[in-house]
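Structure assessment
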Amino acid sequence: MAVEPDAERSAAQELLDAGAHDPLDTMRHSAAHVMAAAVLDLFPGAKLGIGPAIRDGFYYDFDLPRALTPADLEAIEAKMGEQVSADLPFERTELERDAALAQLAAEGQDYKVEIVRELPDDDAQVISFYRHGTFNDLCRGPHVPSTGRLGPFKLLSSAGAYWRGDEHRPMLQRIYGTVWESADDLDRYLWRMEEAKKRDHRRLGRDLDLFTFHPESPAAPFWHPKGMALYRALEAWSLEVRRDGGFAEVRAPTLVRKELWEQSGHWDLYQDNMFVLDDYDHQSGMKPMNCPEDILIYKTRSRSYRDLPLRFADYSVLMRKELTGALSGMFRVRQLVQDDSHVFCREDQIAAEIDLALSLVQRQYAPFGFQPTFKLATRPEKRLGSDEFWDMAEGRLRDAVEANGVPYTLDPGGAAFYAPKIDVFIEDALGREWQLATIQLDYQLPQRFDLEYRAADGGFERPVMIHYAIFGSFERFIGILTEHYAGAFPLWLAPVQVVVVPIADRHIEYAGRVRDALAAVGLRAEVDDRSERMQAKLRDAQEQKIPVMVVVGDRDQEAGAVSPRLRTGEAAQGVPLDAFVADLRGRSESRELWPYADTGDGLGADTGAA
Ligand SMILES: [Zn+2]
Ligand SMILES: [Zn+2]
């Protein structure tokens, strides 16, 4: 029996799969073949791992006698160019399994042998190869017709990668490349990569005095005063959205005895990610999640059907035992705070509660200009609960999403171990996709904790829980925002919203009055009274990406006016102070995406560049 392309496939078959049949993916995967041929040319005897198309490019893994240098990548790129000029056709051949194994073994391609060995031993199974020039590679295809069809390409980097991602297997060298349909597309992509480096939130966090990381507490940010101002602005917005959604804030302790984690199931399934410590004669864990403790709050009173839905927002500190080796900054931290929400509701309230969650997600993202997309994540391999339970829970979530009219896709196997969920994604200014919010439906924890409420008929029923965080963690969201805006935050988020620059010392007193007028309506303003020249002060403010600079001189002082200039370049003179303060207050309180420079390159966010 032949293997259906879309039937359930083994890992080995996944490795053979050249990827989707998207034309760009086909070209990217074909470029991986061309790169492998070039590497074999330069390093005869190199062993090949796998070479798939990935988002924006491709890679191939090689077992090589020495580490690659940038000069090697240039040489490989040149060899690839020769193949493109030669316009060599890709030709498919098929071999029986044994013949394929014999051929690969004779070529010394041990990793390819391993891949074929893992395919089902099946008489009808033919193994396909694709040849171009003298290079022949185990592959399912498809490919472009010939090497001349590759668009403009560039090799980007090389990095170590364990075979099969397994640290007990050999370390191979992975070469990343990118290929596009046009030179414009390639240039734009390379520019985006360059821009991403410039926007690195760890660098901007330090340069803009927002936050830093220190080896004394690995993988946990130290928030500076300006970072805290940003944090609090986001927190206030998130709490406002919760409050309007009918949530009440709760907070439960960080250090929690083992018995609670045993009852919740975390002790069995999540213990590797928990900090466990001895609390005198008890074992305890630092909480990685708020759910079990919020359940204890639910259980402190008898609840009736009239009390539901009950909505708790818990913004407690969470501790997760992440590896500290990875230099991911805010993207992988060990101490974090989520805008965590727990809803306890009746079954007949699920649709309305999911609907509420989806609308809160959309509202909370709106000021940033993000258009969220939704994925329904279904049962993973490692899970609690019966198949009947998962059928029912997944069905309810799907019904609710469909009733809400939000477009969504499926993420099979992507759910948490105790419940299906809806994952929410946004795309940033550089076109990178980030998963932020998660909305989880949960029948498991209410059962494990024997939650109940008194129903209208006087009997007891079990509530359902819905868990969600919308920003996800504040840490990660701030990392993403910092890169999205390149540190040039809109007015409502900017740590310093206005800097007041006196032209001469005799204007310092008036500058202070301007600052006080702004502060009186809750705006964050500073006076720059250093003995620097005015132009130097404005340059510094521009570098710090402060949205509004206000210059005050004799004429402003006499008229009770200001001369504001924006980070984006616009300037005005002699604006009455009252009108100026009212205008900024309105923009800040309505969380306007302002000041905003349309840079005309589709990036949207104001980079704050001079
Ligand atoms: Zn291929
Ligand atoms: Zn939860």
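Parameters and conventions
Residues numbered from 1 in each chain as written. Chains lettered and ligands numbered in written order. Predicted model: local features only at pLDDT ≥ 70, side-chain atom pairs only at ≥ 80, totals over all residues. Heavy atoms only, no water. Helix = DSSP H or I, 4+ residues; strand = E, 2+ residues; numbered from the N terminus. Buried < 20%, exposed > 50% of the residue type's maximum accessible area, 1.4 Å probe, protein only. Contact = heavy atoms within 4.5 Å. Donors = N, O, S within 2.8 Å, 3.2 Å for Na, K, Ca; no water. Tetrahedral: all angles 85-135°; square planar, octahedral: opposite > 155°, others 65-115°. Pairing = 2+ DSSP bridges. Axes fitted to C-alpha atoms, helices over the stretch in contact; angles between N-to-C directions. Parallel < 35°, antiparallel > 145°, perpendicular 65-115°, else oblique. Left-handed = near helix turned anticlockwise from the far one by under 90°. Nonpolar A, V, L, I, M, F, W, Y, C, P; charged D, E, K, R; others polar. pLDDT = per-residue confidence, 0-100. Expected span 1.5 Å × (residues − 1). Salt bridge = Lys/Arg side-chain N within 4 Å of Asp/Glu carboxyl O.

What follows is about the overall build of the protein. Within the protein, the regular secondary structure consists of 19 helices and 29 strands. Dimensions of the protein, computed from C-alpha atoms along their principal axes, come out at roughly 90 × 75 × 50 Å. Looking at the protein as a whole, 52% of its 610 residues are labelled buried. When contacts within the protein are restricted to residue pairs at least 6 apart in sequence, long-range pairs at least 24 apart make up 71% of them.

The next subject is the coordination of the zinc ion (ligand 2). In the first shell of the zinc ion (ligand 2), the protein supplies C291 (SG), H342 (NE2) and H467 (ND1), at 2.0 to 2.3 Å from the metal. Look at where the donors of the zinc ion (ligand 2) fall in the sequence and you get C-x50-H-x124-H. Of this pair, H342 sits in strand β17 (residues 335-345) while H467 sits in strand β24 (residues 464-473); the two residues are 125 residues apart in sequence, bridging distant segments of the chain.

Here we come to the coordination of the zinc ion (ligand 1). Distances from the zinc ion (ligand 1) to its protein donors, H29 (NE2), H33 (NE2), C139 (SG) and H143 (NE2), fall within 1.9 to 2.0 Å. For the zinc ion (ligand 1), the four donor atoms in the first shell make angles of 89 to 128 degrees at the metal, a pattern classed as tetrahedral. When the donor residues of the zinc ion (ligand 1) are listed from N- to C-terminus, their spacing reads H-x3-H-x105-C-x3-H. Of this pair, H29 sits in helix α2 (residues 23-42) while H143 is found in the loop between β6 (135-138) and β7 (153-162), placing the two residues 114 residues apart along the sequence. Like H29, the residue H143 is buried in the burial classification.

The next thing to look at is unusual backbone geometry. A cis amide bond links G141 to the next residue, P142, at an omega of 0 degrees. Within the fold, P142 resides in the loop between β6 and β7. P309 follows L308 through a cis peptide bond whose omega is 0 degrees. Structurally, the position occupied by P309 is in the loop between α11 (291-298) and β15 (310-314). Although it is not a glycine, D209 adopts a positive phi angle of roughly 65 degrees. Assignment of secondary structure puts D209 in the loop between α7 (201-207) and β9 (211-213). Accessibility expressed as a relative area gives 34% for D209, which makes it partly exposed. Phi is positive for Y280, close to 55 degrees, though the residue is something other than glycine. Within the secondary structure, Y280 sits in the loop between β13 (276-279) and β14 (282-286). Assessed through its relative accessible area of 79%, Y280 is described here as exposed.

Before going further, it helps to examine the sheet that holds strand β25 (residues 498-502). Taken in spatial order, the five strands make up an open sheet running β26-β25-β27-β28-β29, and their pairing is mixed. Of all strands in the sheet, those with a lone pairing partner are β26 (525-527) and β29 (575-576), marking the two edges. As paired elements, β25 and β26 share three bridges and run parallel to each other. The partner of V498 across the bridge, within β26, is A525.

In terms of residue burial, β17 counts as a mostly covered element, since ten of its eleven residues are buried. Summarising the sheet, β15 and β17 pair through five bridges and their orientation is antiparallel. Counted as the bridge partner of R311 is V343 from β17. Note: β17 against β24, seven bridges, orientation antiparallel. Counted as the bridge partner of D340 is A469 from β24.

Below, the discussion takes up the packing of helix α16 (residues 508-520) against helix α19 (residues 577-589). The interhelical angle for the contact between α16 and α19, taken along N-to-C directions, is 40 degrees, at an axis separation of 10 Å. When the axis of α16 is compared with that of α19, the two are oblique. Of the two possible hands of crossing, α16 and α19 adopt the one that is right-handed. Of the residues in α19, those in contact with Y510, V514, A517 and L518 of α16 are L577, F580, V581 and L584. Partitioning the contact of α16 with α19 into residue classes produces eight nonpolar, no polar and no charged.

Below, the discussion takes up the confidence of the model for the protein. A residue-level look at the protein finds 93% of positions with pLDDT of 70 or above and a mean pLDDT of 91. Contacts for the low-pLDDT stretch residues 599-610, under 50 throughout, to residues beyond four places or in other chains number 30 contacts.

Strand order in the open sheet made by the three strands is β4-β5-β6, with antiparallel pairing throughout. Since the sheet does not close on itself, it has two edges, and those belong to β4 (91-96) and β6, each with one partner. Going from strand to strand, the sheet's axes swing by 30 degrees on average, the running direction of each strand aside. Here β4 runs beside strand β5 (residues 126-132); their pairing, made up of six bridges, is antiparallel. Each bridged residue has a counterpart across the sheet, and for L95 the counterpart in β5 is I127. Along the sheet, helix α4 (residues 97-106) contacts β4, β5 and β6; its crossing angle with β4, the most-contacted strand, is approximately 110 degrees.

For the rest of this paragraph, the subject is helix α13 (residues 387-404). Relative to the 26 Å expected for 18 residues at 1.5 Å per residue, α13 spans 26 Å between its end C-alpha atoms, a close match to the ideal helical length. Those residues of α13 lying buried are F389, W390, A393, E394, G395, L397, A400 and V401. Tucked inside the fold, the buried residues of α13 contact α12 (350-365), β18 (373-377), β19 (408-411), β20 (421-427), β21 (433-442) and α14 (444-448). Phi for G405, located one or two positions after α13, is positive at around 80 degrees.

Attention shifts here to the pattern of salt bridges. Summed over all chains, the structure comprises 43 salt bridges. Note that D207 and R203 form a salt bridge whose closest N and O atoms lie 4.0 Å from each other. Placement of both D207 and R203 in helix α7 is noted, with a separation of four residues, approximately one turn of the helix. It is possible to trace a salt-bridge network through shared partners that takes in E240, R243, D244, R363 and R591.

With that out of the way, let us pick up the environment of G459. Structurally, G459 is set in the loop between β22 (453-454) and β23 (460-461). In this structure, the C-alpha to C-alpha distance between G459 and D72, residues 387 residues apart in sequence, is 74 Å.

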